[in-house]
Every structure is written in structure tokens, then in C-alpha cells.
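Secondary and tertiary structure notes
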Amino acid sequence: MADLSSLTPSQTRALGQLRDLTNGGDDEVAMGVLRSVDWDVQRAAEMIFDGQTGAENSQGRRYEEFDVDDSEQGLLRPREPPRQPTSILSLITYPLHLISSLVRFIFNFLRIPLPYIPFLSLNFYRRAPGRTTVRRAGGGIERWIRELEEETGAICAGSSDNVDATGVQVNASAEAGPSTLTSRHTTATGSGSNKLLPPFQLGTYDSILRLCQSSFRIGCIILVSAEHDSTAEFKDTTLTNDELVQILVDNNIVCWGGDIRDKEAYEAGLKLGATTYPFVAFIGMQPSRNFTSSSGSTTTTASQSTPALTVLSRHLGASACTSSALTTHLRETLLPRVKPYLDRTRMQREAVERERMRERELREAQDRAFEETKRRDKERILKKMEEEKVELQRKQAEEDQRRMENELRERQRIEAQEQTEERDRWRTWFRKVLPAEPNATETIRIAIRMPDGRRLMRRFDMHEDTLDTLYAYVDTELVSTSVSSSSSSLSSYSFETLHTLLSTRVPKTNEWWGFTLVSAYPRQLIPWSPNTLLGKLKAVSGGQLVVEIVNSRVNGDRKNAGGKGKGKAQDEDEYETESSDED
């Protein structure tokens, strides 16, 4: 019995891989071969197969008991195909190959550890390429399935209508259960054939692995070689067995196969370590396992990490790939141990997906609500900004209007003040140039009723005094207090200047004077006119004149000058009249 306690974890894994490749065998022989090649599994396998040391072991156990192959969990890495030397190099190295094979056989038979000798490891010789080394181009798996149907006269179970995005044919439901067996080819349903083949899927080997990994389904990989005599019997008896096909269909097992003459099947055989054909392997998701060493012995412990794609079992050779052996293995070993875990994991994954979907829908609803709130807030802010903008424009317009009105009032005030000052200067000049009351006989005595109720009596020269004199006299009497002005500033004032001013600059003379004269009875307006003698006016001879104010400027001037008198009512037409009868 070999002592495994002295091996390191890496050496233990190498021994386990070599044991799987040789389908069992003596551990001491395997350890000796591994030591001779410095624990290189590839070189040790080549030594064993080239020296025919594994013939007895393959006869001893063709059927491998269910044991999860932890060394190849996940996607199996492809092994590099052996380099094919030229024919000349093969002839030169053929004697060396015979000698090295004989030496290895003797040492292995005597169970003597073979030291690593670089000379013995040189093995340039390879068997002449046969039919298995010829890679067929085009068609691939689909062509192999078509040829299989033609050879067996059977049709594939399942429908070809359901194909996933990777080109892999899938069933409508991922749940196991009774299935309706239909032809892969829609035109073959009426052929009358009762034989069925496993539901082979189209696609590449990698796509099948992804399908098994994503859907948590068991995969069945079937590889055959046209060089083996048992291939035809395997196709006719095992692949068309109704019980086996029914188990594969009812349990929704993903089936894929091919001939190693095709490139895809050949690479799959390298990845799965197929050495004898026909070859059947079952793959599926299993918990990740880690090798640990405790008390000098190697044990395996299951971890709770993410499940990994694992080779569940391998079946090599015709005796291990019979329909009864595969059916018994599926019913009694593989399905009871693997399917509950896959179903449980699938349900957990579906629950997680449902929870993620619910969370995603909740997030989407929250995002929609947030976007709606954001939109309403934005509309409210924009509306508020627009209202503030309109309000600001309104206030600005009102402010501009008030400013313009204030400026207009200020200009009017300044103009009114300038006019008032100008009128005050004219009144001052009137007082200076107004002649004294004449004593001549040819005079006119005029009674004047002032707006404040005063009654004035004055004589005017019929041949000298004009309306200018009369209006100037009334204007000086409207404001009792005189405004002082220097005589030099009044040097430019004259009645001619007044005539020019009233005829050119002032549109209405009564507005400049601020009053008009009206005869008491009969009522007749006496408008101002330049150089009009009083003696020629019948309305003023011996009568009484009434002073009527035409605007409020004179009243304002009178108040500013300190004038006194009774106030009179003002009509809507802005003319003031006395309320009492004339004397």
C-alpha cells in the first residue's frame, strides 16, 4: 500500500489526475512514474500510454463510479494537441523510442522508481496519423447529427424551434418533466420512424457549457471515433435506447456530441481527457471544493463559494457506455445526488433574480417618481422665475414711468418757476414804467373788479394809454407785493419787446397774462391786442370791468407774494367770476 501521507497537496492532485486519466491503477506505479518525470502529469500519461502500462488497468475498471472531479471544476482548459513531426524525424527517432519504451516497461514492471533522464524523455516519435487525426472541415456537429440519423434511422427528440442567442438549441422550459418528443427536423415527423435519439443541441462545446452553467442543468457529452469497431453498435443500441432517451428528455439534460474527426469534438475530447471511445461524460454545477491537508492525510472539504461547472462522471469504452450502465448510473447515482442540488440552486437563483427584479422595479418606480418630482419642481421654479421676471419688468416699467413723470414734473416746475420769475420781472418793470393817473379832461374813468373782491378806480388817457397800460395796471394789482429786481436787469424790457414775445413765443396771450377783462354789462370780452388805444374801445368807456382768472398761476403768484382777499368759486372751465352784484 502506497504511503500518501508524505505527499504534498500539489503531488496529491497530480496523482489524482493521473489516476483519472489511467482509469484507476496501482498508486505505487503511478507515483513512481510521476517521480521519474518530476510530477509532470502530461509526460507521465504519455509514458504510461506509450508503454502500454495502462492496458491491465483499463480492463480492470471500465466504468468509473460517481466521484466529482474537483481538479477540473469550471471550464476545462484544453490540452495542447501533440505536435506531429515530419516522417524523416520519426524514422530517425523510432529506435530511440523503442529503447526508451522498453526501459520504462522494465522499470515499471519491477516497480523501480525511474529517475528522470533527459535522454529517456525524448520522444519525437508519434504514430502515423490515422483517420482520427484528420479534421473534417465544415458541417461540424450538425453534420454529425444528420449522419447519425441516417445511420440509425432514428430522429432526435425535442424541437429545433427553440434556439438561444448563442445558437444553442434549448427547450421551452428549464424545468424537468415529461416532454413531447418531436423530430429535430420538421419534415421527419411523417417518416413513420419510432426510434429516437437523445435531444442533441446544436452549437459549440463552449456554448453548451455556458447553457449548463446559466440554466443549472446537467450536460451529457457524447464523443465517438469512427476508428473503433464498437462505435456502430454504440450508436444503434445505446443512443437509440428508449429508456435512456426518456430519462434524458424527462430530466431536461443538455445533450451534445460529435465525432473526434471534427475539430470541435476533438477539442472537447482533449478538454475532457477522453482516451477511449465511445466516451460519455456528465457535467453540471457543483459546490466549489478545496483540497486541505490535515494530520498527514489529504481530505476534501466543500466550501460555500459560488458553484462551479464540474465533470460529474466519465464513461470510457463500449462496456462502460452501454444503455443499461448509463441508465443505472443516471437513476441510482447521478440524478439522486446532483439533481436536488441543481433544483435547489436554481430555485435560489430564481428567488434572487425575482428579488433583483423587484428591487429593479422598485428603483425604476423611485426613479420615475423622482423624475416626475424633478419635472414638477423644475416647472414650478421656471414658472416662479417667469413670474418674478414679469413682476420685475412691471416694477421696472412703473419705476421708469414714475421717473419720467417726476422728470416731467420737475421740468414743468422749473419752467413754471422760470415763467414766474419772468412774470415777476415784467411786473416790476410794469410798476416802473406805468404812468401816473392823468389829470387831463380827456380821460376815461374805469372801475375794475378784482378777483379777490377789491374794487379799483383809475383814470386813463384816452389818446395815450393803450390796452398794454390797462393790462399792465391790472397785472400789477393782482400781486400786491413787488418783487425787487435790479434796474440793470430790466433795461431790455419794453412794450415792443412784450409785443414781440406775445406774438411769437406765447401761443395764447391770455395764458401769459393769466387773466382776461370782461365788461360787466353787457358782458363783452376785451382781449389784449398791441397798441390799441383805450379811447377807441366802447366797452371800456365809463363802464366797469371784471378781472377773470384763466389759470391758477396768478393765484399761486399772489399767495407766494402774500396777497390777501376773499376766495372766489372757480367754475369747471377754470374761469373765476365774482359772486356779488356790481355796485
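Here the structure is a predicted model, which is why all the values come from computation and not from measurement.

Cut-offs and rules
Residues numbered from 1 in each chain as written. Predicted model: local features only at pLDDT ≥ 70, side-chain atom pairs only at ≥ 80, totals over all residues. Heavy atoms only, no water. Helix = DSSP H or I, 4+ residues; strand = E, 2+ residues; numbered from the N terminus. Buried < 20%, exposed > 50% of the residue type's maximum accessible area, 1.4 Å probe, protein only. Contact = heavy atoms within 4.5 Å. pLDDT = per-residue confidence, 0-100. Patch = residues over 30% accessible without salt bridge, like charges linked within 9 Å, V, L, I, M, F, W, Y side chains within 5 Å. Areas by Shrake-Rupley, 256 points an atom, 1.4 Å probe, with all protein chains shown as cover. Salt bridge = Lys/Arg side-chain N within 4 Å of Asp/Glu carboxyl O. Pairing = 2+ DSSP bridges. Axes fitted to C-alpha atoms, helices over the stretch in contact; angles between N-to-C directions. Phe/Tyr/Trp six-rings, centres within 6.5 Å; stacked < 30°, edge-to-face > 60°. Lys NZ or Arg CZ within 6 Å of the ring centre and 35° of its normal. Polar contact = N/O pair within 3.5 Å; in protein donor to acceptor, adjacent residues only side chain to side chain.

1. As for the overall build of the chain
Looking only at helices and strands, the chain features 16 helices and 13 strands. Buried positions account for 40% of the 583 residues belonging to the chain. Taking contacts inside the chain between residues at least 6 apart in sequence as the whole, the part at least 24 apart equals 76%.

2. Things to note about the environment of Val245
By the element assignment, Val245 lies in helix 10 (residues 242-250). For the pair Val245 and Leu197, spaced 48 residues apart in the sequence, the C-alpha separation amounts to 6.5 Å. Among all residues touching Val245, those that are not within four sequence positions of it are Ala157, Leu196, Leu197, Pro198 and Leu239.

3. Observations concerning the confidence of the model for the chain
Taken over all residues, the pLDDT of the chain has a mean of 75, while the share at 70 or more is 70%. Mean pLDDT in the chain bottoms out at helix 4 (residues 55-60), which sits at 38, and peaks at strand 3 (residues 219-224), which reaches 95. In the model, residues 52-72 has pLDDT below 50 throughout and makes 50 contacts with residues more than four positions away in sequence or in other chains.

4. What about a nonpolar patch on the surface?
A cluster of nonpolar side chains, namely Leu102, Phe105, Ile106, Phe109, Leu110 and Ile112, defines an oily patch on the protein surface of about 610 Å² accessible area. Here Leu110 is to be found in the loop between helix 5 (87-109) and helix 6 (118-121).

5. What about the sheet that holds strand 13 (residues 544-549)?
The strand order across the open sheet formed by five strands is 10-9-13-11-12, and the pairing between neighbours is mixed. Pairing within the sheet leaves two strands with one partner each, and these edge strands are strand 10 (455-461) and strand 12 (524-526). Across the sheet, the mean angle separating the axes of adjacent strands is 35° when strand polarity is ignored. Pairing geometry for strand 11 (residues 515-519) and strand 13, over five bridges, is antiparallel. Within strand 13, the position partnered with Val518 by the bridge is Val546. Of the strands in this sheet, strand 9 (443-449), strand 10, strand 11, strand 12 and strand 13 are in contact with helix 13 (residues 467-478), which crosses strand 11 at around 115°.

6. A look at the pairing of strand 10
Pairing of strand 9 with strand 10, which is carried by seven bridges, proceeds in the antiparallel orientation. Bridge pairing in strand 10 places Arg449 opposite Arg455. Joining the antiparallel neighbours strand 9 and strand 10 is a turn of five residues, in which Gly453 adopts a positive phi near 100°.

7. Section: unusual backbone geometry
A cis geometry characterises the amide bond from Tyr277 onward to Pro278, with omega recorded as 0°. Mapped onto the secondary structure, Pro278 falls in the loop between helix 11 (263-272) and strand 5 (279-286). With phi around 55°, Phe216 is a residue other than glycine that occupies positive phi space. Assignment of secondary structure puts Phe216 in the loop between helix 8 (205-215) and strand 3. Under the relative-accessibility criterion, Phe216 is labelled buried at 1%. Even without being a glycine, Asn531 presents a positive backbone phi close to 60°. With respect to the secondary-structure elements, Asn531 resides in the loop between strand 12 and strand 13. Judged by its relative accessible area of 60%, Asn531 is exposed.

8. Concerning the sheet that holds strand 8 (residues 308-316)
Taken together, the four strands give an open sheet; going across it, the order is 4-3-5-8, and neighbouring strands pair in mixed fashion. Edge positions in the open sheet fall to strand 4 (254-259) and strand 8, since each of these has one partner strand only. Here the strands of the sheet are splayed against their neighbours by 20° on average, with no regard to which way each runs. Where strand 5 and strand 8 come together, eight bridges link them in antiparallel fashion. Across the sheet, residue Ile283 finds its bridge partner in strand 8, namely Val311.

9. Remarks on the packing of aromatic side chains
Summed over all chains, the structure comprises 13 aromatic pairs. Aromatic side chains Phe430 and Trp513 sit 5.8 Å apart centroid to centroid with 15° between the ring planes, which places their arrangement in the stacked category. In this pair, Phe430 is assigned in helix 12 (residues 323-433) and Trp513 in helix 15 (residues 509-513), connecting sequence segments 83 residues apart. Among the residues examined, Phe430 registers a relative accessible area of 1% and is labelled buried. Seen in terms of ring centroids, Tyr471 and Phe515 are 5.3 Å apart; in terms of plane orientation they differ by 20°. Their pairing is stacked. Of this pair, Tyr471 sits in helix 13 while Phe515 sits in strand 11; the two residues are 44 residues apart in sequence, bridging distant segments of the chain. Accessibility classification places Tyr471 together with Phe515 in one group, the buried group. An aromatic cluster of three or more residues is present, and its members are Trp426, Trp429, Phe430, Tyr471, Trp512, Trp513, Phe515 and Trp528. Between Arg458 and the ring centre of Phe460, over which it is positioned, the NZ or CZ distance is 4.8 Å. Directly above the ring of Tyr473 sits Arg458, whose terminal nitrogen or CZ lies 5.2 Å from the centroid.

10. Side note on helix 10
Of all the positions in helix 10, only Leu244, Val245, Ile247, Leu248 and Val249 are classed as buried. Residues of helix 10 that are buried in the fold lie against strand 2 (196-197), helix 9 (230-238), strand 4 and helix 12. After helix 10 finishes, the residue Asn252 shows a positive phi value of roughly 55°.

11. Considerations on the side chain of Ser207
Its location among the elements puts Ser207 in helix 8. Polar contacts involving the side chain of Ser207 include one to the main-chain carbonyl oxygen of Thr204, which spans 2.6 Å.

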